[in-house]
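What follows is each chain in one-letter form.
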Amino acid sequence: MSAAAKYQEIAATLRGQIDRGELSVGDQLPTEQALQERFDASRTTVRQALKELRDAGLVQMRHGVGVFVAPPKVVRRLDSRERLSKARRDANKAAFLAEADAQGFTPSSSVKVWFEPAQDFAELFGIEEGSELCVRDRVMRADGEPVMLAVSRLPREITRGTALEEVETGPGGVLARLEEQGFEITGHEEIVSARMPDANERQIFGLGGGPVLVVRRRTWSGDRVVEVNDMVMPGESYELRYAWDAV
């Protein structure tokens, strides 16, 4: 059996034990030496198998201690039609707060606000490249663990002098404040892709070699884009959900 097939066999066996509950959250996996003997494999092959389980979010490696079954970290992102609805905003349960309410985790976030020229975003907003944007840069956490990076941009001609330029935007969030400014929210578009994380994302999310999910959402008021929100989520800890009616 090739080394690649061998590490996949080891990873699949351990994954099966975790899925069946034979290894529970917090349980320590057998040592590298024990796995080498059990599977007649080299240390390099065993470590590759454990790395695959780590990258999938199934185990945690504690240096000098061992490898342990990790707690589930999946955050299920609600259907956007639900999480962005006006009813959710009115109840102050929009977007990330809606997921927290539905799944029982404690949400928190840190926010930075700054201003920059529109440049590459000018065409999206239909404004001049030198026009200012308000940038809202957030780290979203579930039970204290970072699960999403979100950077929203809005034309500053809309946000100037409003709560949209404050760290705390108030009940209902950004979309509620836009509506108060007279910008009725008429539509959203989300484009989803995947890529490998950059160094900053790996550090924030504590990632090994796994990919991140990237979502760009454009929000319209009539025929005008009023917000562009770029979101990054670790693939090992986030699940996107979409639903639509059959036609």
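The structure presented is a predicted model; accordingly, all values stated were derived computationally and were not measured.

1. What about the domain arrangement of the protein chain?
Alright, step 1. Domains assigned within the protein chain are domain 1 (3-69) and domain 2 (75-240).
Alright, step 2. Taking only C-alpha atoms, the centre of domain 1 and the centre of domain 2 are 36 Å apart.

2. Considerations on the packing of helix H2 (residues 32-39) against helix H3 (residues 43-55)
Alright, step 1. Interaxial distance between H2 and H3 falls to 9 Å at its minimum, and their mutual angle equals 110°. Judged by the angle between their axes, H2 and H3 are roughly perpendicular. Residue-level contacts link Glu32, Leu35 and Gln36 of H2 to Arg43, Val46, Arg47 and Leu50 of H3.
Alright, step 2. Split by residue class, the contact of H2 with H3 holds three nonpolar, one polar and three charged.

3. Some thoughts on H2
Alright, step 1. Those residues of H2 not exposed but buried are Leu35, Gln36 and Phe39. One side of H2 holds all its buried residues, which, seen down the axis, span an arc of 105°.

4. Focus on the sheet that holds strand E7 (residues 187-195)
Alright, step 1. Strand order in the open sheet made by the six strands is E4-E5-E6-E9-E8-E7, with antiparallel pairing throughout. Each end of this open sheet is capped by a strand with a single partner; those strands are strand E4 (107-117) and E7. Sheet twist, expressed as the mean angle between neighbouring strand axes with direction ignored, is 15°.
Alright, step 2. Bridge count for strand E5 (residues 132-142) against strand E6 (residues 145-155) is 10 bridges, and the pairing is antiparallel. The residue bridging Arg141 from the neighbouring strand is Pro146, located in E6.
Alright, step 3. In this fold helix H9 (residues 173-180) packs onto E5, E6, E7, strand E8 (212-221) and strand E9 (224-234), with an angle of close to 175° to the strand it touches most, E9.

5. Here we look at a nonpolar patch on the surface
Alright, step 1. A cluster of nonpolar residues, Val192, Tyr242 and Trp244, forms a patch on the protein surface that exposes about 360 Å² of accessible area.
Alright, step 2. Examined against the element boundaries, Tyr242 turns out to sit in the segment after strand E10 (238-240).

6. Let's talk about the pattern of salt bridges
Charged atoms that come close allow side chains of opposite charge to pair.
Alright, step 1. Evaluated as defined, the whole model comprises 15 salt bridges.
Alright, step 2. Of the charged contacts, one joins Arg224 and Glu157 as a salt bridge, the two residues approaching to 3.1 Å between their closest N and O atoms. Remark: Glu157 occurs in helix H8 (residues 156-159) and Arg224 occurs in strand E9; sequence separation between them is 67 residues.
Alright, step 3. Arg224 sits in the partly exposed class, given a relative accessible area of 25%.
Alright, step 4. Among the ionic pairs, Arg177 bridges to Glu180, the shortest N-O distance being 2.8 Å. Remark: Glu180 and Arg177 occur in helix H9; sequence separation between them is three residues, near one turn of the helix.
Alright, step 5. Of the residues examined, Arg177 reaches a relative accessible area of 11% and is grouped as buried.
Alright, step 6. Via salt bridges that share partners, Glu116, Arg153, Arg216 and Asp230 belong to a single interconnected network.

7. Things to note about the packing of aromatic side chains
Two aromatic rings are characterised by how far apart their centres lie and by the angle between their planes.
Alright, step 1. The tally for this structure, following the rule as stated, stands at zero aromatic pairs.
Alright, step 2. One residue, Arg62, lies across the ring of Phe68, its end atom 4.0 Å from the ring centre.
Alright, step 3. Across from the ring centre of Phe115, 3.7 Å away, lies the NZ or CZ of Arg156, which sits over that ring.

8. A look at the nonpolar core
Alright, step 1. In this structure, Ile10, Leu14, Leu29, Leu50, Leu53 and Val59 are the most contacted members of the largest nonpolar core, which totals 18 residues.
Alright, step 2. The set of elements that each furnish at least two residues to this core consists of helix H1 (3-19), H2, H3 and strand E2 (66-69).
Alright, step 3. The leading source of residues in this core is H1, at five residues.
Alright, step 4. Setting aside anything within four residues of it in sequence, one finds Leu29 in contact with Leu14, Leu23, Leu50, Leu53, Val59, Val67, Phe68 and Val69.
Alright, step 5. By size, the runner-up hydrophobic cluster in this structure holds 14 residues, among which are Ala100, Phe105, Met148 and Ala150.

9. Focus: unusual backbone geometry
Alright, step 1. The backbone of Gln119 sits at a positive phi, close to 45°, despite the residue not being glycine.
Alright, step 2. Here Gln119 shows up in the loop between E4 and helix H7 (122-125).
Alright, step 3. We note that Asp143 has phi near 50°; this positive angle belongs to a residue other than glycine.
Alright, step 4. With respect to the secondary-structure elements, Asp143 resides in the loop between E5 and E6.

Conventions used here
Residues numbered from 1 in each chain as written. Predicted model: local features only at pLDDT ≥ 70, side-chain atom pairs only at ≥ 80, totals over all residues. Heavy atoms only, no water. Domains from an automatic or database assignment. Axes fitted to C-alpha atoms, helices over the stretch in contact; angles between N-to-C directions. Helix = DSSP H or I, 4+ residues; strand = E, 2+ residues; numbered from the N terminus. Parallel < 35°, antiparallel > 145°, perpendicular 65-115°, else oblique. Contact = heavy atoms within 4.5 Å. Nonpolar A, V, L, I, M, F, W, Y, C, P; charged D, E, K, R; others polar. Buried < 20%, exposed > 50% of the residue type's maximum accessible area, 1.4 Å probe, protein only. Arc of directions from axis to C-beta. Pairing = 2+ DSSP bridges. Patch = residues over 30% accessible without salt bridge, like charges linked within 9 Å, V, L, I, M, F, W, Y side chains within 5 Å. Areas by Shrake-Rupley, 256 points an atom, 1.4 Å probe, with all protein chains shown as cover. Salt bridge = Lys/Arg side-chain N within 4 Å of Asp/Glu carboxyl O. Phe/Tyr/Trp six-rings, centres within 6.5 Å; stacked < 30°, edge-to-face > 60°. Lys NZ or Arg CZ within 6 Å of the ring centre and 35° of its normal. Core = buried A, V, L, I, M, F, W, Y, C linked by side-chain atoms within 4.5 Å.

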